Amino acid sequence: MVQSTGPKKIKCSVFISGTGSNLKSLIQFSKKKNSPISIKLIISDNAKAKGLKFGKIFKIPNKVINYKNKSIAEKKIIYELKNKDIRIICLAGFMKILSKSFIKNFKGKILNIHPSLLPKYKGLNTHQRAISNNEKYSGCTVHFVNSRLDSGKIILQKEVKIGKFDTPKSLAKKILLQEHKLYPKAIKKLFNL
Ligand code: GAR
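Conventions we followed
- Residues numbered from 1 in each chain as written.
- Predicted model: local features only at pLDDT ≥ 70, side-chain atom pairs only at ≥ 80, totals over all residues.
- Heavy atoms only, no water.
- Core = buried A, V, L, I, M, F, W, Y, C linked by side-chain atoms within 4.5 Å.
- Buried < 20%, exposed > 50% of the residue type's maximum accessible area, 1.4 Å probe, protein only.
- Contact = heavy atoms within 4.5 Å.
- Salt bridge = Lys/Arg side-chain N within 4 Å of Asp/Glu carboxyl O.
- Near = heavy atom within 4 Å.
- Polar contact = N/O pair within 3.5 Å; in protein donor to acceptor, adjacent residues only side chain to side chain.
- Areas by Shrake-Rupley, 256 points an atom, 1.4 Å probe, with all protein chains shown as cover.
- Helix = DSSP H or I, 4+ residues; strand = E, 2+ residues; numbered from the N terminus.

Peer 1: Quick rundown of the nonpolar core? Include the residues and the values.
Peer 2: Inside soluble globular proteins, nonpolar side chains tend to come together where they are buried. Within the largest apolar cluster, 36 residues are counted, with the highest numbers of intra-cluster contacts made by V14, L111, Y183 and I187. Each residue touching I187, except ones within four places of it in the same chain, is listed here: L26, F29, P36, I37, C90 and L111. One finds I65, I77, L81 and I89 within the second-largest nonpolar core, a separate group that totals 19 residues.

Peer 1: An account of the pattern of salt bridges is requested, with residue identities and associated values reported.
Peer 2: Evaluation of the coordinates by the stated rule reveals five salt bridges. Between R87 and D85 there is a salt bridge, with the nearest N and O atoms lying 2.8 Å from each other. Judged by its relative accessible area of 32%, D85 falls in the partly exposed class. A salt bridge links D166 to K174; its shortest N-O distance comes to 2.5 Å. Using a relative accessible area of 33% as the deciding quantity, one classes K174 as partly exposed. It is possible to trace a salt-bridge network through shared partners that takes in K11, D85 and R87.

Peer 1: Kindly report on the site of the ligand, identifying the contributing residues and their values.
Peer 2: The environment of the ligand is made up of T19, G20, S21, N22, G93, M95, I113, H114, P115, L176 and E179. Between the ligand and G20 there is a distance of 2.7 Å, counted from an oxygen atom to a backbone nitrogen or oxygen. In the model, an oxygen atom of the ligand is placed 2.8 Å from a nitrogen or oxygen of the E179 side chain. Taking 450 Å² as the accessible area of the ligand by itself, protein coverage stands at 84%. Within the residue set of the shell around the ligand, elements represented by two or more residues are α1 (21-30), β5 (110-114) and α6 (168-190).

By themselves these figures say nothing about function.
Set out below in structure tokens:
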């Protein structure tokens, strides 16, 4: 459980690598009065991430971190997080794997959203694999990050029906729409809201 400090919102950082549609939905959620989080920093490993535009639109600072050397990159990230007194991290389409020592630094404070019904389809190409296996349902999961990929404690999941004519692309789109609702809901659940 993440401890809330009364009416003050918890400072949050969102990590992205790409489009940032989950980032956008988290920012919109964070602006609501009953949201327990306030997003103070966006981290991206990719200078070309489209999602960085949401930082500009909503006036939230961002840091693009060069990941050529992972250990240096993580040191820089930790510096930025401590500098802004960040207490909770939301991974939202962040495609780098965090090291064990990084995770230890923020134990129980890192969340991730994954486009499958974990523990099924950890890793990449989730939609293609779910369709190839003739699954009737896929979905999305918000979970805590631990040192094993996509294996931390599950906070919330949402099922999405796979239609007869779904392609990886159409399924990704359907699931993404649910992700935008699930992530805020999972954060509220964490804070008993
Ligand atoms: C989302 O579907 C998210 O679940 C997935 O990347 C997409 C990012 O979209 N994350 C992973 O696959 C992590 N392993 P967005 O940039 O529009 O939020």
